[in-house]
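Working through the structure, step by step
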Amino acid sequence: MSGVPFVDLKAQYARLKPQIAEAIQDVLDDGRYILGPAVAKLESELAEYCGVAHAISCSSGTDAIFMPLLAYEVGPGDAVFVPSFTFTATAEAILLAGASPVFVDVEADSFSIDLADLTKKISETRAGGKLTPKAILAVDLFGLPADWNGLNALAEREGLHLISDAAQSFGGVYHNSASGSLAPVSGTSFFPAKPLGCYGDGGAITTDDDGLAEVLKSIRVHGAGADRYEVVRIGINGRLDSIQAAILSVKLSVFDDELEARERVAQIYDDELKDVVATPKRIEGLKSAWAQYTIKTEKRAAVQEKLGTAGIPTMIYYPKPMHLQAPYLPYGGGEGSLPVSEAICRQVMSLPMHPYLSDDDARRIAAATRDALA
Ligand SMILES: *Cc1c(COP(=O)(O)O)cnc(C)c1O
């Protein structure tokens, strides 16, 4: 089978082409190219979609988790607890804020932060006396929401800020609540390949906290006060372009339909593969946004090679846990310190996943994967 893309952004564009052209043209005609009316419209749509009071759009998913750290004044001497099995941006935001990441292991089946290890790392950090525990930055990896009931209870008990890195889970559901509403503050990404992507970089922060929303809006424009040229804090240039907002509004109108299509692909993969390989964990009451469909196998190299020969692209998210990456070595416990994260980095492999994958192609990919595993 040739020509199956890992993520097919062109098929989506073909579906939405006239609406997107019109939306872009409207922004060009309007003339407000940054934080214009298209941005205000998108922000109210995002807030409604997530069921929160505020959506603050911003320049990227990275800034969407960095800005809440700035807003909470997390900085030098502070510890932020973060899973090691994630994309670098999660841990990077902590270092950019001047704080220290404390790496936590994940669960082998859900890939979410392990609450038992998290509890242990918090008490070890307190006992160590060098860093002040300040925040937990948990990730909904591959689109599946983490254990937010457990995380909210733990954060409250420990007096820690809780931030959700929802870059991969926009559209995911946790017991009837949408991703973006599961922690006091959440950051998501609109990078093109994420479940909801724009045609450039973009992100959004969602929260019910009025005071926090005001601070985040100030941070987004260089720490401006009530007057634009009064500087009340140090911020960043964290704004979203109006053209990207207009594109996102169009894409949001078909997003639920796309989520259903992703679920259908995942279901086909599950049916074909669950008796031959470790397929993604399903949790009652939770819906994944299916940013990735990730299996685990000890035969990964061989399976990947066979699928490649058959014209089926696969990806490895992620080959190395953060605590073993060069810039983070001083913050982690080295090789062997987070055994689950280290083991799954050797086993994970993601199959093509996007809403425009036909049932036939999904079945063929699953069958080829089955053969490659045999
Ligand atoms: C993509 C991603 C980010 C960063 O988003 P950008 O928009 O690329 O800056 C952060 N965290 C996770 C888990 C991601 O997958």
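- Naming follows an unreviewed UniProt entry, where the protein chain appears as Aminotransferase DegT of Methyloceanibacter marginalis.
- Turning to the protein chain, the UniProt annotation filed under Sequence similarities (unreviewed entry) states: "Belongs to the DegT/DnrJ/EryC1 family."

1. What to know about helix H12 (residues 359–373)
- Taking 1.5 Å per residue as the helical rise, H12 with its 15 residues ought to reach 21 Å, and the 21 Å between its terminal C-alpha atoms agrees with that figure.
- Along H12, the residues classified as buried are Asp 361, Ala 362, Ile 365, Ala 366, Ala 368, Thr 369, Ala 372 and Leu 373. Buried residues of H12 fall within an arc of 165 degrees about the axis and therefore sit on the same side.
- In this structure, the buried side of H12 is in contact with helix H9 (255–273), strand E11 (293–296), helix H10 (300–309) and strand E12 (348–351).

2. Topic: the sheet that holds strand E1 (residues 54–58)
- If you walk across this open sheet you meet the seven strands as E1-E9-E8-E5-E4-E2-E3, and the pairing is mixed. In the strand order of this sheet, the two ends are held by E1 and strand E3 (100–104), each with one partner. Neighbour to neighbour, the strand axes of the sheet diverge by 25 degrees on average, direction disregarded.
- Examined bridge by bridge, strand E8 (residues 185–189) and strand E9 (residues 203–207) share five bridges and lie antiparallel to one another. What sits directly across from Ser 189, in E9, is Gly 203.
- With respect to the sheet, helix H4 (residues 88–96) is in contact with strand E2 (78–83), E3, strand E4 (132–139) and strand E5 (161–165), its orientation differing from that of E3 by roughly 150 degrees.

3. Some words on the packing of H9 against H12
- Axis separation between H9 and H12 bottoms out at 9 Å; the angle between their running directions is 30 degrees. With respect to each other, H9 and H12 are oriented roughly parallel. Like other packed secondary-structure pairs, H9 and H12 cross with a definite hand, here right-handed. Residues Arg 264, Val 265, Ile 268, Tyr 269, Glu 272 and Leu 273 of H9 form the contact with H12, whose own contacting residues are Asp 359, Ala 362, Arg 363, Ile 365, Ala 366, Thr 369 and Arg 370.
- The residue inventory of the contact of H9 with H12, partitioned by class, reads seven nonpolar, one polar and five charged.

The rules we used
Residues numbered from 1 in each chain as written. Predicted model: local features only at pLDDT ≥ 70, side-chain atom pairs only at ≥ 80, totals over all residues. Heavy atoms only, no water. UniProt positions renumbered as here; feature names shortened; annotations may be inferred. Helix = DSSP H or I, 4+ residues; strand = E, 2+ residues; numbered from the N terminus. Expected span 1.5 Å × (residues − 1). Buried < 20%, exposed > 50% of the residue type's maximum accessible area, 1.4 Å probe, protein only. Arc of directions from axis to C-beta. Contact = heavy atoms within 4.5 Å. Pairing = 2+ DSSP bridges. Axes fitted to C-alpha atoms, helices over the stretch in contact; angles between N-to-C directions. Parallel < 35°, antiparallel > 145°, perpendicular 65-115°, else oblique. Left-handed = near helix turned anticlockwise from the far one by under 90°. Nonpolar A, V, L, I, M, F, W, Y, C, P; charged D, E, K, R; others polar.

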